[in-house]
Amino acid sequence: MYKLSSFNLTHRRKSWQEVCFTILGFIPIIITFGIFSIFVTQTWGFFQEVSIFDFFTSKEWTPNFSDAQFGIIVLLSGTFLVTIIALIVAIPLGILAGIYLAEYSPNKWRKIFKISLESLNGIPGVVYGYFALLLLTPFLQSHFFPSLGGFNALSAGVCIGILIIPIIASLTEDALLSLSSELRNSGYALALTKQEVIRLILLPAISPKILSAITLATSVAVGETMIVAIASGQKPNLTLNPFEPIETITSFIIRVSLGTVEFDSLMFKTIFTVGFILFLATFLLNTFSYWLQNKESKSNNNHSKIQKEILLSNNNKLSEKSYYLSSSKRENIKLNNHLPLNRVLPDKILQFFGFFASTVGVIFLVILLWDLGETGLNRLNWTFITSFSSRRVEESGILAGLVGSVWLFVLSLMMVIPLGVGSAIYLEEYRKNNALNGFLEVSIANLAAIPSIIYGLLGLEIFVRLLKPITGGYSILSGALVLTLMTLPTLIITCRTALKSTGKTLRNGGYAVGMTKEQVLQQLIIPSALPSIITGVLIAQVRALAETAALIGVGAKASVRFLPPLSWEGLTSSYTTLPVQIFYWLQNPKAEVQSLAAAAIIVLVVMLLILNLISLSIREFFSKSYS
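Worth saying up front: this structure is predicted, and the values here are computed from it rather than measured.

S.K.: Help me out: how do you make sense of the nonpolar core in this one?
M.R.: Here is a general trend for soluble globular proteins: nonpolar side chains tend to be buried in one another's company. The biggest cluster of nonpolar side chains holds 184 residues, and the ones touching the most others in it are Ile35, Trp61, Tyr128, Phe252 and Ile582. The dominant element in this core, judged by the number of residues it contributes, is helix 4 (residues 72–104), at 18 residues.

See the structure below:
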């Protein structure tokens, strides 16, 4: 009865609000179609001038030469090489870390290892590039491979592998924790050791989720830009030798973007063509991963329903808590007391390697921070923070980069909040279960995972070229719009999770006292989800603050010696940001210039840490207020 009265009283207002949320909700589909249409148009233009047969069969990639050759296989081989190296590093370490965190780690250590591993995912690509070029390559040259080049695929691939370890570890851990205790207990009832239970029962049960995690990690590795742009040499080279310099699809786009690309030129069409291939590759990988996750979720739901029906039919009055062994209780059982060494030893070996894999985050952070402190702290002073960049190293600073980063952060924050929250409200509160909305779900999942350089190319065509009379072309406004598009899918996903976490009880309570859908949203659901929404906003903006590749694509400068005024003229002026400035400093072979990059990285890391602390503080404050 209350639903009928609510509908009659608020029908007009509800329809108006629903239309607004629906429009916001379909923005991801508009972005997806925008990417497809622009890339297809430019790719079609490219193949009007270049033979498609030569494009896929030529073994040379020399688009800048007078006798230009366009053999995409050269860029594909470089991309394939660093991706394979990254997966060789990430798959065993990620799975072992996930197993250790879920099955072996004590709770007090688990939090530390988990935070350190997840922090690897938040480190900007330009910082990994610094690590690969100035730490890892010299270390490998001096201790293992004297013939290793200064620029090589090996260091870039290893660092990309470290970057994607958290993806595999986190999804593996979540999959193991989602399994019921019944599976483990059945193995222990057969006198299996923990290692045997994991190997023979648990891992086969979660194999689709592990495959999904590897697919998602592969997509990230294929699209990683800044690490390969800094450490791999940006040299087209048809080779599978990891010791040699190579060029990937993403690093080629960055190399071209560093110069001025003439619109409608063959080179302009070329970067869109290779970008389209990159987009299709990551799109297919992400879709496959999304399909695997959905398939596994449906399978688990069906399994849970069957289990529930069996328990009810047997009138089993034992609670799960008393029927199954809890994790803590399992740890107290001495299962291996009377087992032979050949069965106990593999369990100890698995535990040792799992522990080592879980400490990768801690080890990496300690080495990185130690080197940054040694190299960059002596450059860090007030003059460095308040000065523009200069050819004289001792006078050079980061003022323009700092101000540019703050400009972009604030502008994209103002645009992404209404778009992201509105879209999330539509998807959680108004969305109907039909084919179009199913495509919308897939679009959001893909947009959140495609490489940032794709957004840079999209911004180059739309905001820099087509909307130049409004945005000013290569301007702060164009950069902010690109960051808004880039962070929007992440914000939508986190906001949906926050809205979903409020549960049905709160909604039903509001409807029970006669509130309308909009009143329930405004007065109950959004306030309850607000701490998590704020956290999601800040997480998305941390990505924006650390972004480099997309901004280079839309013309962020190497050096700017003025501060944009707080006016429309300031919005349409040229700019640089702190990560972009770090990238350009790393391109300089002089050690004193690279020490400036180390000092700037310290400032960037401190800014990201402060942002994360603010996020945690706000979430704690609002959680207490609304509890």
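S.K.: Hey, could you run me through the packing of aromatic side chains in this one?
M.R.: To describe a pair of aromatic rings, one takes the distance between the centres and the angle between the planes. Under the counting rule described, the total for this entry stands at 29 aromatic pairs. Between Phe39 and Phe279, the aromatic rings sit 6.5 Å apart at their centres with planes inclined by 25°, giving stacked as the arrangement. With Phe39 in helix 2 (residues 27–47) and Phe279 in helix 13 (residues 266–313), this pair connects stretches of sequence that are 240 residues apart. As far as the burial class goes, Phe39 and Phe279 line up, both buried. Three or more aromatic residues joined by ring pairs make a cluster, and in this case those are Phe36, Phe39, Phe263, Phe268, Phe272, Phe276, Phe279 and Phe283. When the ring centre of Tyr104 is taken as origin, the NZ or CZ atom of Lys194, which lies over that ring, is 5.1 Å away.

S.K.: Any chance you could explain the side chain of Lys269 here in plain terms?
M.R.: Mapped onto the secondary structure, Lys269 falls in helix 13. Side chain to side chain, Lys269 and Glu49 meet in a polar contact 2.8 Å long. Those residues in contact with Lys269 that sit more than four places away from it in its chain are Gln42, Gly45, Phe46, Glu49 and Asp264.

S.K.: I'm lost on the pattern of salt bridges in this one. Help?
M.R.: It is possible for side chains bearing opposite charge to pair when their charged atoms get close. Within this structure, the stated rule accounts for 11 salt bridges. A salt bridge links Arg392 to Glu395; the shortest N-O distance between them is 3.4 Å. Here Arg392 falls in the exposed class, since its relative accessible area comes to 51%. Put simply, Arg110, Lys114, Glu118 and Glu173 are held in one network by salt bridges that share partners.

S.K.: Explain the layout of surface pockets here, please?
M.R.: In this approach a probe as big as a water molecule rolls over the atoms, and the regions it shows empty are the leftover space. One number sums up the size of the second largest pocket: a volume of about 500 Å³. Along the wall of the second largest pocket there are 16 residues; nearest its centre are Phe131, Leu136, Ile162, Ile363 and Ile367. Looking at the lining of the second largest pocket, the elements that each hand over two or more residues are helix 4, helix 6 (125–143), helix 7 (153–178) and helix 17 (360–376). The leading source of residues in the lining of the second largest pocket is helix 6, at 5 residues. Residues belonging to the lining of the second largest pocket are distributed by class as follows: 16 nonpolar, no polar and no charged.

What counts as what
- Position numbers for residues start from 1 in each chain and track the written sequence from start to end.
- Reporting in this predicted model follows two pLDDT cut-offs: at least 70 for local features of residues, and 80 or more for side-chain atom pairs to be given and counted; totals over whole chains, interfaces and linings ignore these cut-offs and use all residues.
- For the side-chain quantities, the full set of heavy atoms in the structure was used; hydrogens and water were omitted.
- What is meant by a nonpolar core is a set of buried Ala, Val, Leu, Ile, Met, Phe, Trp, Tyr and Cys residues, joined one to another through side-chain atoms within 4.5 Å.
- Exposure categories follow from relative accessible area, calculated using a 1.4 Å probe and restricted to protein chains: below 20% of the type maximum is buried, above 50% is exposed, and the middle band is partly exposed.
- Elements are defined by DSSP. Helices are runs of H or I of four residues or more, strands are runs of E of two residues or more, and each kind is numbered from the N terminus.
- Ring geometry is summarised as follows: Phe, Tyr and Trp rings, the Trp one being its six-membered ring, pair when their centres sit within 6.5 Å, and such pairs are stacked at plane angles under 30 degrees, edge-to-face over 60 and tilted between the two.
- To sit over a ring, a charge needs its Lys NZ or Arg CZ within 6 Å of the ring centre and within 35 degrees of the ring normal.
- We define a polar contact as two N or O atoms separated by no more than 3.5 Å, with the added condition that, inside protein, one atom must be a possible hydrogen donor and the other a possible acceptor, whereas residues neighbouring each other in sequence contribute only through side-chain atom pairs.
- In this analysis, two residues are considered to be in contact whenever any of their non-hydrogen atoms come within 4.5 Å of each other.
- Salt bridges, as used here, are contacts in which a Lys or Arg side-chain nitrogen is within 4 Å of a carboxyl oxygen on Asp or Glu.
- Here a cavity denotes a set of grid points, spaced 1 Å apart and computed over the protein atoms alone, in which a 1.4 Å probe fits but from which it cannot get out, and a pocket denotes an open set meeting protein on both sides within 12 Å along at least five of seven lines; residues with an atom within 4 Å of a point are reported as lining.
- Grid points are joined across faces, edges and corners, and a volume is the space filled by probe spheres set on the points.
- Asp, Glu, Lys and Arg are counted as charged, while Ala, Val, Leu, Ile, Met, Phe, Trp, Tyr, Cys and Pro are counted as nonpolar; the rest, among them Gly, fall into the polar class.

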